[in-house]
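Listed here are the chains, written in short residue letters.
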Amino acid sequence: MARALFGAADILRGRMDASQYRDVVSGLLVLKRVSDQPGVLRVPERARWSHIVDYEGKALGHVLNEALWELERSNPEVLKGLFETLDFDRRLGRAELKALVDHFDHIPLSDDDLEFGDVVGRAYDLILSAFADSAGKRGGEFFTPRSVVRLMVRLVRPQEGQSVYDPFAGSGGMLVQARQYVEEHGGDGADLALFGQEVNGATWSTARLNLLLHGITDGSVLCGDTLTDPLHSLQDGRLTRFDRVLTNPPFSMDYSEKEVRHPERMKYGWTPGRGKADLMNVQHVLATLRPDGIAAVVTPQGVLFRGGAEAEIRRGFIEDARLEAVIGIGPNVFHGTAIPACILVLRGTNGTSAEQRGQALFINAEREVVTGRSQNHLEPRNIEKIVSAFREWADIPGFSRAVSLEEIADNDFNLNIRRYVDASPPAEPPLDVRAALFGGVPRSEVDAEMTKFRAYGIDLADLFTLKGSNYLDFLSDGCEATAARISGLAAAREEEFTDRCRSWWEETASRIAELAGTERLLMLRPRLMASFREELLPAGILDRYQLTGAFAAWWSDRHDDLRSLNFRGFPGVIDRWAADGGRSSYLPPNLVRERVLNVLGEDLRSRVEKLVATERQGLVDVYRSWGDRYETSLMDLERQSEATAARLRARWEELGYT
């Protein structure tokens, strides 16, 4: 589906900029989708795709414009104002329009033709991501990377029956992901009330269209400037409050205090207007949370430490226990800006929970982003580690720490993440002068690493001989030869670990098979992840976050396979593999289950094996680093120098020189 939409964009590429052909593709996609799938909207005759394809006498652009007008008139509650700036006649020539209509005519968009009900919405989301990439800085104004959105939704955990609000809605991704989260956790997504506001008219249209293509027709997304004039209010004029708020406001925007309606929102103070609206947007979020509500807000990291009025605002909401966590996600993650960003997790007026009262959690995840060619991103394993640390309120050296409000106050309410959690790689231990002079490896340096070696079945005697009580010597054949043997020394323990992973899968596969086709399989994720970790963690080869990350990456990459298994059983997975590869889906019925489970299990096992191999190579690197530091001492160098000098003198004497 995504390839088909990119194909439509290719027809337009070079004729208009990304924002314009986004509108054209969106309009045609809506017309084709609502015609192919009855019940999405009310579709009058002149808006039906068959009418568009069979046009006669009128210009095709006019036929398309008329179709959109008729569709909007029949569905004003969903489409009013959505396509008012789109004019096919003005933007495109006859040949391009004909090519586009022919292209969409060959894309089946009924639910019966699609593998999953959200395929159209997901494909449109990929198109929005591509448009954001090509739009540069403007892309960041309407599109938040979906990995960041997934992280934020998991931090606040919306539940059915609640309300979710995005006051700076952009393309609506936060609202879409909130509903998907509820559905993936066994809830009724339709029982989640969605609200949003967006100041840019074109982006507001995109958000509403994005919701529509994800099957959401009851969300309330309004157009207007949220900071100056928030539009969601009660009959008595008070602002509506929400259970969950998820948002990524524009960074460092301007505002004018005198233009701000509902100034009661700014309980903690006012910032200088020019380029300093970040904490004003945060205060809007705080003001629109229900007493027990939770919010996740993206901000530039400058709001954490800038002084003056901003410091006073921070003091206010920190002392009121409204700040639960500060999560730094590093630079170059968002479209159009390379500046480091963070996520603030905020609470309603009830404040943080009793267990967390008097503290705030700091997570420094700047090393958890994966470096890309033009933009960094979060992968499922990164998200899983951040979410786990947040939910467990974990103290992880170099990653996360619960900090007392007294310590924050002692730092003048400066929330600079590095003050509290330094994610810099651990410094190499200082060179042992005695070992450098006289030889040997300090026992203390080796002991600090031996737990990892022993996990792979490698003992101290496999690596060194004793040299007194505090030092060790390399084996007689030297550091490099021993380093080359580490892989063989570790092989038996690695095989045991792989067998353990295989045994876990064999037991788990039967549980997965029992739930195939029952629509309950996807809810098994937390339990499967926990049992996977608990089975393999005691071996000591991989830590809990590596194991959790490997499982999370596998589940994410295989999510569509698991969804097919969840809804259509084992034959559904075989069919989707065949469709992806353009091959026949026939497989003898007695082999279907075995084939699917083998492929899924082998994928997970291969990921674990790669991690194990990486960790083992890390041991080789550590051992070689000892060799670089200590294999040749100053005394060795002196002896080598003396021997060289003696050989030189002997040679001179042979030549008759004295």
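Refer to the preceding data block for the structure.
## Focus on the pairing of strand 1 (residues 163–166)
Because side chains alternate across strand 1, one face comprises the buried residues Ser163 and Tyr165, and the other comprises Val164 and Asp166, equally buried. Taken together, the 4 bridges between strand 1 and strand 2 (residues 193–198) define a ladder with parallel strand orientation. Opposite Tyr165, over in strand 2, you have Phe195 as the bridge partner. Assessed by its sense of winding, the connection that carries the chain from strand 1 through helix 11 (residues 173–184) to strand 2 is right-handed. Of the pairings in the sheet, the one linking strand 1 to strand 4 (residues 242–247) comprises 2 bridges and is parallel in character.

## Things to note about the sheet that holds strand 2
Spatially, 9 strands are ordered 3-2-1-4-5-7-6-8-9 in an open sheet, and the strand pairing comes out mixed. For this open sheet the edge positions go to strand 3 (220–223) and strand 9 (400–404), each flanked by a neighbour on one side alone. Averaged over all neighbouring strand pairs, the angle between strand axes comes to 15°, with direction disregarded. Pairing between strand 6 (residues 323–330) and strand 7 (residues 341–347): 6 bridges, direction antiparallel. Directly across from Ile327, in strand 7, lies its bridge partner Ile343. Strand contacts of helix 10 (residues 146–156): strand 4, strand 5 (289–300), strand 6 and strand 7, with the helix running at about 155° to strand 5, the strand carrying the most contacts. Its contacts with the sheet put helix 12 (residues 201–213) on strand 2 and strand 3, and the angle it makes with strand 3 is roughly 170°.

## Remarks on the nonpolar core
With 60 residues, the main nonpolar core has Phe464, Trp505, Phe532 and Tyr623 as its most contacted residues. Mapped onto this core, the elements with two or more residues apiece are helix 20 (450–455), strand 12 (471–474), helix 21 (479–515), helix 22 (525–536), helix 23 (544–557), helix 24 (559–581) and helix 25 (589–630). When residues no more than four places from it in sequence are discounted, the contact partners of Phe532 are Cys501, Trp504, Leu547, Phe551, Leu604 and Val608. One finds Ala9, Leu64, Leu71 and Leu86 within the second-largest nonpolar core, a separate group that totals 54 residues.

## Looking at the packing of aromatic side chains
By the definition in use, this model includes 20 aromatic pairs. Considering the side-chain rings of Tyr165 and Phe242, the 4.2 Å spacing of their centres and the 20° angle between planes classify their relative orientation as stacked. With Tyr165 in strand 1 and Phe242 in strand 4, the pair connects residues that are 77 residues apart, well separated along the chain. Judged on exposure class, the residue Tyr165 and its partner Phe242 are both buried. Members of the aromatic cluster, joined through ring pairs, are Trp504, Trp505, Phe532, Phe551, Trp554 and Trp555.

## Observations regarding the environment of Ala492
Secondary-structure assignment places Ala492 in helix 21. Residue Ala492 is classed as partly exposed on the basis of its relative accessible area, which comes to 49%. Through-space distance from the C-alpha of Ala492 to that of Ile458 is 10 Å; in sequence the pair is 34 residues apart.

## Looking at the sheet that holds strand 12
If you trace the 3 strands from one edge of the open sheet to the other, you get 10-12-11, paired in antiparallel fashion. If you trace the sheet from one side to the other, it starts and ends with strand 10 (441–442) and strand 11 (464–467), each paired once. Of the pairings in the sheet, the one linking strand 10 to strand 12 comprises 2 bridges and is antiparallel in character. Residue Pro442 lies in a different strand from strand 12, and its bridge partner there is Tyr471. Along the sheet, helix 25 makes contact with strand 10, strand 11 and strand 12, crossing strand 12 at roughly 100°.

Rules and cut-offs
- By convention here, each chain's residues receive numbers from 1 onward along its written sequence.
- Note on the predicted model: pLDDT of at least 70 is required for a residue's local features to be given, and 80 or more for side-chain atom pairs to be given and counted; whole-chain, interface and lining totals, by contrast, use all residues.
- With hydrogens and water stripped out, all remaining heavy atoms of the structure feed into the side-chain values.
- Burial classes: relative accessible area under 20% of the type maximum marks a residue as buried, over 50% as exposed, and values in between as partly exposed (1.4 Å probe, protein chains only).
- Starting at the N terminus, helices and strands are each numbered in turn, a helix being any DSSP run of H or I of at least four residues and a strand any DSSP run of E of at least two.
- If DSSP finds at least two bridges between two strands, the strands pair.
- Handedness of a crossover is defined as follows: with both strands directed away from the viewer, a clockwise route from the first strand across the helix to the second makes it right-handed.
- Geometry is summarised by axes, namely lines fitted to C-alpha atoms with helices restricted to the contacting stretch, and by angles between N-to-C directions that run from 0 to 180 degrees.
- Only heavy atoms enter the contact rule, under which two residues are in contact if any of them lie within 4.5 Å.
- Here, nonpolar core means buried Ala, Val, Leu, Ile, Met, Phe, Trp, Tyr and Cys residues that are tied together by side-chain atoms lying within 4.5 Å of each other.
- Two rings belonging to Phe, Tyr or Trp (six-membered ring only in the last case) form a pair when the distance between their centres is within 6.5 Å. Interplanar angles under 30 degrees mark stacking, angles over 60 mark edge-to-face geometry, and anything in between is tilted.

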